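Remarks on the overall topology
This is what each chain is made of:
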Amino acid sequence: MSWPRDDAKLDRVRALMAEHEIDAIVARAPDNVLYLDNFWGMKGWDAVVFPREGEPTLYCVEASAGDAARMAWTDDVRIVAGYLPEDPRPPVVRTLELAAAQARELGTVGLELTLGTQASDRMVGEPTTYTKAWFDAFPGAVDATPLLVQARAVKTEQEIERMRLANEIAAAAMDHVRGVIRPGMTEAQIAAEWQGFVHGEGTGWAGKVELALGFSLVWAGPGIKTFTATSNRPVVEGEPTLFEIWVCADGYWADHTKNVVVGELTPAYQELEVALSTVYVDAVAFCTAGASLAELDRRIREGLARIGYPGQPSHPICHGIGARAHEPPFPHQAGGGEVQAGMVLAIEPGCYWEGGGGLRLEDNFLVTDGVPEKLSPFPDGIVRAGA
């Protein structure tokens, strides 16, 4: 999808580069290439050289030249041959040599030295992991990751618009599965319904999304745990089926946890839903500009202890989201930082029963000058099945 150049975003990056005394950033993680130049590569063999002054350069593997012509914000696109008879080395070697040669003329270079994780490419979710040779080719480079983290934490209007599209697709897919879920269907079958809708209907969504991909973990009744895989366990009447879901729409993400029940909810789950909702609502209300990220983590976990779930959950209770499904900030009592207006946070308290079962609530919230804005139109809590 072609989007107008987001100058608000790029100007912020360049201002931070001046502050950090970095003359150029050489980025190769698919999400950072997308962030800096709107190009979402197929295989992670591409890179962008982003100078503090002047036009960025995109080094793009030749098979994606058409994509680059359509997507990239820069006019300086240099094609990297996928195969040369006289130079049969992998194309990433040529990307490296070309980017390094250009960077030598640009002064202090910033690399993604402490990247940690990265978003996937558009192909099969296995982006190229660059070897030591990539970093050795830029002697004297400094770490640009903190700069990019700081820039990416606060979203521009365009980024929020793109995330709204991902949220809309995720919600529409939930509306679909709400209408087709039945007792006896397996977790995998209902997950396939959700994923099929995301990819089939989300691709082309509103005439604005070129490619939508869905990722899910679906657990039914006693299968609700954390960090476990979807199985062939059947949907249980009266107990929720939990959908831990992600949508990527042209590189921008939504991350939700939604719950659907077939039939009348059991009393135990009715009680849990009410109790967990108090913790969730309090956490959302707390996320105003200037709030402590460490206190957010502490507040949620103390709230869970008050309702009878001390020490839970084992997973994080909040994280940023944008050009990656899980990106900074990561609120934690051992860390620091503050909530800022323009951040988009996935808030996700959960509590789980011994032996299986439990509940998680999660949505994406845009931090504003007032009450945080929920981005998904699909309800929180446990939603009744039915068309």
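Structural data are supplied above this passage.
Residues numbered from 1 in each chain as written. Predicted model: local features only at pLDDT ≥ 70, side-chain atom pairs only at ≥ 80, totals over all residues. Heavy atoms only, no water.

Some words on the packing of aromatic side chains
As enumerated under the stated definition, the model contains 5 aromatic pairs in all. Clustering of aromatic rings is evident, with ring pairs tying together Tyr130, Trp134 and Phe138. Directly above the aromatic system of Tyr35 lies the positively charged group of Lys9, at a separation of 4.5 Å from the ring centroid. The ring of Tyr35 carries Arg152 above its face, with NZ or CZ at 5.8 Å from the centroid. (Phe/Tyr/Trp six-rings, centres within 6.5 Å; stacked < 30°, edge-to-face > 60°. Lys NZ or Arg CZ within 6 Å of the ring centre and 35° of its normal.)

Points about helix α10 (residues 293–306)
For α10, with 14 residues, the first-to-last C-alpha span of 20 Å sits near the 20 Å given by 1.5 Å per residue. Of all the positions in α10, only Leu293, Ala294, Leu296, Asp297, Ile300, Gly303 and Leu304 are classed as buried. For α10, the secondary structure elements touched by its buried residues are α9 (267–286), β10 (318–320), β11 (344–347) and β12 (350–352). With a side-chain oxygen lying 3.3 Å from the backbone nitrogen of Ala294, the N-terminal cap of α10 falls on Ser292. Just downstream of α10 lies Gly308, where phi reads positive at about 105 degrees. (Helix = DSSP H or I, 4+ residues; strand = E, 2+ residues; numbered from the N terminus. Expected span 1.5 Å × (residues − 1). Buried < 20%, exposed > 50% of the residue type's maximum accessible area, 1.4 Å probe, protein only. Contact = heavy atoms within 4.5 Å. Polar contact = N/O pair within 3.5 Å; in protein donor to acceptor, adjacent residues only side chain to side chain.)

Quick look at the sheet that holds β11
A sheet is described by the order of its strands in space; here 4 strands give the open sequence β10-β11-β14-β15, paired in antiparallel fashion. Both outer strands of the open sheet, β10 and β15 (373–374), are each paired with one neighbouring strand and no more. Direction of pairing for strand β14 (residues 363–366) relative to β15: antiparallel, over a ladder of 2 bridges. Within β15, the position partnered with Phe365 by the bridge is Lys374. (Pairing = 2+ DSSP bridges.)

Thoughts on the nonpolar core
Considering soluble globular proteins, one finds that nonpolar side chains tend to be buried as a cluster. Of all hydrophobic cores here, the largest spans 40 residues; its most connected members are Val13, Ile25, Leu36, Phe39 and Leu147. Setting aside anything within four residues of it in sequence, one finds Ile25 in contact with Val13, Met17, Leu36, Val48, Val49, Phe50, Gly110, Ala144, Leu147 and Leu148. Within the second largest apolar cluster, 34 residues are counted, among which are Leu296, Tyr309, Tyr352 and Ile382. (Core = buried A, V, L, I, M, F, W, Y, C linked by side-chain atoms within 4.5 Å.)

With respect to the packing of helix α1 (residues 7–20) against helix α6 (residues 145–153)
With their axes 10 Å apart at the nearest point, α1 and α6 run at an angle of 145 degrees to one another. Judged by the twist between their axes, the crossing of α1 over α6 is right-handed. Every residue of α6 that contacts α1 at Arg12, Val13, Leu16, Met17 and His20 is listed here: Leu147, Gln150 and Ala151. Tallied by class, the residues present in the contact of α1 with α6 amount to 5 nonpolar, 2 polar and 1 charged. (Axes fitted to C-alpha atoms, helices over the stretch in contact; angles between N-to-C directions. Left-handed = near helix turned anticlockwise from the far one by under 90°. Nonpolar A, V, L, I, M, F, W, Y, C, P; charged D, E, K, R; others polar.)

Side note on the side chain of Glu187
Residue position: Glu187 is located in helix α8 (residues 187–202). By relative accessible area, which is 0% here, Glu187 ends up buried. In this structure Glu187 touches Val218, Trp219, Ala220, Gly223, Ala229, Thr230, Ser231 and Arg233, once residues within four positions along its chain are discounted.

Some details on the pattern of salt bridges
Working definition: two side chains of opposite charge can pair if their charged atoms are close together. Here the structure, examined in full by the defined rule, presents 28 salt bridges. Of the charged contacts in the structure, one is a salt bridge between Glu126 and Lys43, with a shortest N-O distance of 3.8 Å. Within this pair, whereas Glu126 is found in the loop between β5 (109–111) and α5 (132–136), its partner Lys43 is found in the loop between α2 (30–37) and β2 (47–51), the two being separated by 83 residues in sequence. In this structure, Arg94 and Asp87 form a salt bridge, with 3.3 Å as the shortest nitrogen-oxygen distance. Owing to a relative accessible area of 16%, Asp87 belongs among the buried residues under this scheme. Residues joined in a network through salt bridges with shared partners are Asp31, Arg152, Lys155, Arg324 and Glu327. (Salt bridge = Lys/Arg side-chain N within 4 Å of Asp/Glu carboxyl O.)

Digging into the sheet that holds strand β9 (residues 252–261)
Read from one edge to the other, the open sheet built from 4 strands follows the order β7-β8-β9-β16, with strand pairing classed as mixed. Among the strands making up the open sheet, the edge pair consists of β7 (212–220) and β16 (382–384). When the angles between neighbouring strand axes are averaged without regard to direction, this sheet yields 30 degrees. Its contacts with the sheet put helix α7 (residues 157–180) on β7, β8 (240–249), β9 and β16, and the angle it makes with β9 is roughly 25 degrees.

A look at unusual backbone geometry
Glycine aside, residues mostly have negative phi, and peptide bonds are mostly found in the trans state. Cis geometry is adopted by the peptide bond preceding Pro313, which originates at Gln312 and carries an omega value of -10 degrees. By the secondary structure assignment, Pro313 is in the loop between α10 and β10. Omega for the bond connecting Pro328 with Pro329 falls within 30 degrees of zero, at 5 degrees, which places this linkage in the cis form. Structurally, Pro329 can be placed in the loop between β10 and β11. Look at Glu21: it is not a glycine, yet its phi comes out positive at around 60 degrees. Along the polypeptide, Glu21 turns up in the loop between α1 and β1 (24–27).

Any link to function would need more than the numbers given here.
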